[in-house]
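# Working through the structure, step by step
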Amino acid sequence: MSQMEKLPPQPPHTPHRSEIPPEPRMRPEEPPAPRVGRATCRRDLSASIVVFLLAVPLSLGIALATGAPLQAGLVAAAVGGIVAGLLGGTPLQVSGAATGLLVVTADLVQRFGWRATCAITVLAGLAQLALGALRVARATLAISPAIVHGMLAGIGVTIAIGQLHVVLGGSPDSSALDNAAALPGQLAHPHTAALLIGAITVTVLIGWGRLPGRAGRWARVLPAPLAAVLAATAASAGMAVPRVELPSWRLPEPPALPEASVPALVAAVLTVTLVASMESLLSAAAVDRLAAERPGAPTGRARLNRELAGQGVANVASGLLGGLPISGGAIRGSANVRAGAATRWATVLHGVWVLLCAGLLAGVLELIPLAALAALVMAVGVRMVSFAHIRHVQRHREFPVYAGTLGGVVLFGVLQGVAAGIAVAAFLALRRLTHTRVTVTEEDEAYRVRISGQLTFLAVPRLTRALALVPAHTEVVVELYGSFMDHAAYEALQSWCATHRAHGGWVTLGGRGGRPLAEPAGGHSCRPWTPWRNHHCTRPAPHQATAPESSGSQLLGGVSAFQRHTAPLVREELARLARDGQRPTQLFLTCADSRLVTSMITSSGPGDLFTVRNVGNLMPPPGSEASCDSVGAAIEYAVEVLRVGSITVCGHSGCGAMGALLSTAAPDGTEPTPLARWLRHGRPSLARMQRIGRLGRGEVALAGRPVADDQERLALVNVMQQLDHLRAHACVARRVAEGTLALHGMYFDVGAAQAYVLDEATGRFCAVRGEAAPVGV
């Protein structure tokens, strides 16, 4: 019977197409964490120096832009590296003074003063500790990405406009609107030296990573921000321009609560907590994904609740020591990963280097012109407005949310901007829920009623008015293109259908592609994954049977069930495939065994896989007898015509072909049967298994359990051997050499319903685990 009927419905968030095995859901077992040795220490030391060279100019620039003492940026960098690095839940994340908090901190400094800002930082850290203890970190990521990206873009716009005044030789105002209004006058009378220094900084910052040849390779050793500041400092030699001034180090003054109302204080603490937490958690998720793509990276997911608590402790320490508010930063975190950091000690060491630099190299830092730092921060602000993010939210029809958040942040402030974004998102969700369109068209003496959107009680008047336009005694097809219908709409629709039928009309109710709204009496009563054995419910009723049961009535019953229940669900997609042609991305070569349901194992649907099945999942090598050309033709068609990107050879447990290969050969002089001739192509696998055991070169292995017996061992070796046969085909070898085709081995344990993916470097089949939680603790 048709296996399509038995597949459980995919949840809405599950991607339609799956990849074998590059799909993220099919991740083999994580390798054990690398041992800490000399190589690891060297990598951490090298990465810490790279991040230190990036953090120093960035921290000074952020402190300058906020109006805080310049050493506050260095304190935040040192505390973020040491405290958050030791206590955080994302080992490779680097914390410190971050651009996302720049606008918030600048507003606090201007309104309440520096000591009060430090007190607010301490309170925000305590709030983060409480949130971490309540384990709400993962819930923070539930905020719409359009709101988050809009908030960061609004902060970036505010930063860029304000710091442009400093580059031009002026001083910024607290309001983005005031800065924008004063910009024409500032452009008319720029400070030539400051403008030159800013231009040099931006030019080096943009072009540093694009240097060609050997110069480009050397350039990648030095971070672009440090190179830009060094170039600007060298160019400013002899110029009379404002420069960094670091006062002598002394014990910081204790924080003091601002003289403000309780609501104002709560709003300030809430704003710092919200922005710092969101930026830290989003950065942690980004750094975790980046690290997971790198071989040899630390294993395990980011522990977001621990990360939030670590950020809270760091903010308490930074506020008490006179530092800026702290959050994790994607810029420094990604630089840490790309520099080869292996453990959290790279982050901690970077904080130590910042601390030593602040104490021993203060004279060198005071050579840096302020215009260079302002230009550096301005460039960072511009980059926070990402066109990739804009295209992403536009694709998901959430640009109004993005624009509302951005505009709110620029016009009113961060907290107000986030509130505006949430309000716009709620309005759009409500509009989508209530926006319903009903159209009635006449087609060939019949009427078609299309209802798009959600059918709620609010749409009942519009629905009944449209249905009243349909004449009596006519054929009507009602198509629903929404995903929700409440009881009031259902009753109105069913009442009209009953009335229309009573007056001699004919009505078909359906969803997308004509899916029925209610199951007919006596329909297929089996639920998904009811045991398939003895499926009497898919056999046609006696009055429907057209042939004796022995001639395949259960198969016909399955086809009938498909036509009733599954065909309406897939008709629209199959019509598209029939019109556009097949474009599978993968070739799946597996055994003809009836227990292997490829669509079930790979969660694939029509058009996803180009599948070749034969006895023993064999791939005859080139030059075999002509009777084997069918498999070679399928390979050539998939590789040359369909241009698939991967080929997977999948064996399975209990394979009868492997058992036949292990059995005694047929007596001499007898004519080999077609099955015996076909199994000759599996003899290289048998010889390979015997050779491995005889020469003591090791054997294939399964992760998590020993190989059961020789039949399973041969099935595993056969997968490896058939991959070698594949590489012998010219078309496959050429595509593999070009890097446009990947070959994968796979094994399916039928009894355990467990898939394994081959690691060819070790000969080990690693278990594919179920999909893990997104990120967090």
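## Considerations on the packing of aromatic side chains
Scanning the entire structure with this criterion turns up four aromatic pairs. Look at phenylalanine 399 and tyrosine 402: their rings are 6.0 Å apart centre to centre, the planes differ by 25 degrees, and that puts the pair in the stacked class. Taken together, the positions of phenylalanine 399 and tyrosine 402, both in helix 18 (residues 399–411) and three residues apart, correspond to about one turn of that helix. Note on phenylalanine 399: relative accessible area 33%, which makes it partly exposed. Ring plane angle 45 degrees and centroid distance 5.9 Å describe the contact between phenylalanine 610 and tyrosine 637, whose orientation is recorded as tilted. Of this pair, phenylalanine 610 sits in strand 8 (residues 609–614) while tyrosine 637 sits in helix 24 (residues 629–641), and the two are 27 residues apart along the sequence. Phenylalanine 610 gets classed as buried once you look at its relative accessible area, which sits at 16%. Within the aromatic cluster, the residues linked to one another by ring pairs are Tyr747, Tyr756 and Phe765.

## A short note on the confidence of the model for the chain
Detailed conclusions should not be drawn from predicted coordinates in areas where pLDDT is low. Summarising the model, the chain shows a mean pLDDT of 80, and 83% of its residues fall at 70 or more. Low pLDDT, under 50, characterises residues 539–551; the stretch is placed with nine contacts to residues that sit more than four places away or in other chains.

## Side note on the nonpolar core
Residues Ile155 and Leu324 are the most contacted members of the largest nonpolar core, which totals 75 residues. Among the elements that make up this core, the one with the highest residue count is helix 2 (residues 70–87) (nine residues). What isoleucine 155 contacts, discounting residues up to four positions off in sequence, is Thr99, Gly100, Val103, Val275, Met384, Val409 and Val414. Among the nonpolar cores identified, the runner-up in size contains 44 residues, and Leu587, Leu589, Ala634 and Val732 belong to it.

## Details of the pattern of salt bridges
In this structure the tally under the stated criterion is 17 salt bridges. Two residues, glutamate 640 and arginine 734, come together in a salt bridge whose shortest N-O distance is 2.9 Å. Of the two residues, glutamate 640 sits in helix 24 while arginine 734 sits in helix 29 (residues 730–738), which places them 94 residues apart along the sequence. Given the relative accessible area of 37%, arginine 734 is considered partly exposed. Between arginine 688 and aspartate 724 there is a salt bridge whose closest N-O contact spans 2.8 Å. Here the residue arginine 688 occupies a position in helix 27 (residues 683–695), and aspartate 724 occupies one in helix 28 (residues 710–727), the gap between them amounting to 36 residues. Among the ionic contacts, a cluster of salt bridges with common partners joins Glu443, Arg448, Arg450 and Glu479.

## Some thoughts on the environment of alanine 55
With respect to the helices and strands, the residue alanine 55 is situated in helix 1 (residues 38–66). Once the C-alpha coordinates of alanine 55 and arginine 332 are considered, the two residues, 277 residues apart in sequence, prove to be 7.2 Å apart. Excluding residues that lie within four positions of it along the chain, alanine 55 makes contacts with Arg332 and His350.

## Some words on a nonpolar patch on the surface
On the surface, a nonpolar cluster with roughly 390 Å² of combined accessible area is contributed by Leu356, Leu360, Leu361 and Val364. With respect to the helices and strands, the residue valine 364 is situated in helix 15 (residues 362–365). Accessibility expressed as a relative area gives 51% for valine 364, which makes it exposed.

## Digging into a positive patch on the surface
A cluster of like positive charges, contributed by Arg135, Arg138, Arg303 and Arg306, occupies part of the molecular surface. Within the secondary structure layout, arginine 135 lies in the loop between helix 4 (114–133) and helix 5 (137–140).

## Examining the side chain of asparagine 718
Mapped onto the elements of the fold, asparagine 718 is located in helix 28. Apart from the residues within four sequence positions on either side, asparagine 718 is in contact with Gly616, Asn617, Leu618, Met658 and Ser685.

## Notes on the sheet that holds strand 12 (residues 754–759)
Strand order in the open sheet formed by seven strands is 8-7-9-11-12-13-10, with mixed pairing between adjacent strands. The two strands at the open ends of the sheet, each matched to only one other strand, are strand 8 and strand 10 (701–702). Packing of helix 24 onto the sheet brings it into contact with strand 7 (586–591), strand 8 and strand 9 (646–652), and relative to strand 8 it is tilted by some 170 degrees.

## Quick look at the environment of leucine 101
Structurally, leucine 101 can be placed in the loop between strand 1 (95–96) and helix 3 (102–112). Since its relative accessible area comes to 2%, leucine 101 is described here as buried. A sequence separation of 39 residues divides leucine 101 from isoleucine 62, and the C-alpha atoms of the two residues are 9.1 Å apart. Not counting the four nearest positions on each side in its chain, leucine 101 is found in contact with Val272, Val275, Ala276, Glu279, Pro325, Ile326 and Ser327.

## Points about the packing of helix 6 (residues 145–167) against helix 16 (residues 370–383)
Contact geometry of helix 6 with helix 16 gives a least axis separation of 8 Å together with a crossing angle of 155 degrees. In this view, helix 6 runs roughly antiparallel relative to helix 16, as classed from their interaxial angle. Remark: the crossing between helix 6 and helix 16 carries left-handed chirality. Counted together, Gly156, Val157, Ile159, Ala160, Gln163, Leu164, Val166 and Val167 of helix 6 and Ala371, Ala374, Ala375, Val377, Met378, Gly381 and Val382 of helix 16 form the full contact between these two elements.

Reading the values: rules and limits
Residues numbered from 1 in each chain as written. Predicted model: local features only at pLDDT ≥ 70, side-chain atom pairs only at ≥ 80, totals over all residues. Heavy atoms only, no water. Phe/Tyr/Trp six-rings, centres within 6.5 Å; stacked < 30°, edge-to-face > 60°. Helix = DSSP H or I, 4+ residues; strand = E, 2+ residues; numbered from the N terminus. Buried < 20%, exposed > 50% of the residue type's maximum accessible area, 1.4 Å probe, protein only. pLDDT = per-residue confidence, 0-100. Contact = heavy atoms within 4.5 Å. Core = buried A, V, L, I, M, F, W, Y, C linked by side-chain atoms within 4.5 Å. Salt bridge = Lys/Arg side-chain N within 4 Å of Asp/Glu carboxyl O. Patch = residues over 30% accessible without salt bridge, like charges linked within 9 Å, V, L, I, M, F, W, Y side chains within 5 Å. Areas by Shrake-Rupley, 256 points an atom, 1.4 Å probe, with all protein chains shown as cover. Lys, Arg positive; Asp, Glu negative; His and termini not counted. Charge placed at Lys NZ, Arg CZ, Asp CG, Glu CD. Pairing = 2+ DSSP bridges. Axes fitted to C-alpha atoms, helices over the stretch in contact; angles between N-to-C directions. Parallel < 35°, antiparallel > 145°, perpendicular 65-115°, else oblique. Left-handed = near helix turned anticlockwise from the far one by under 90°.

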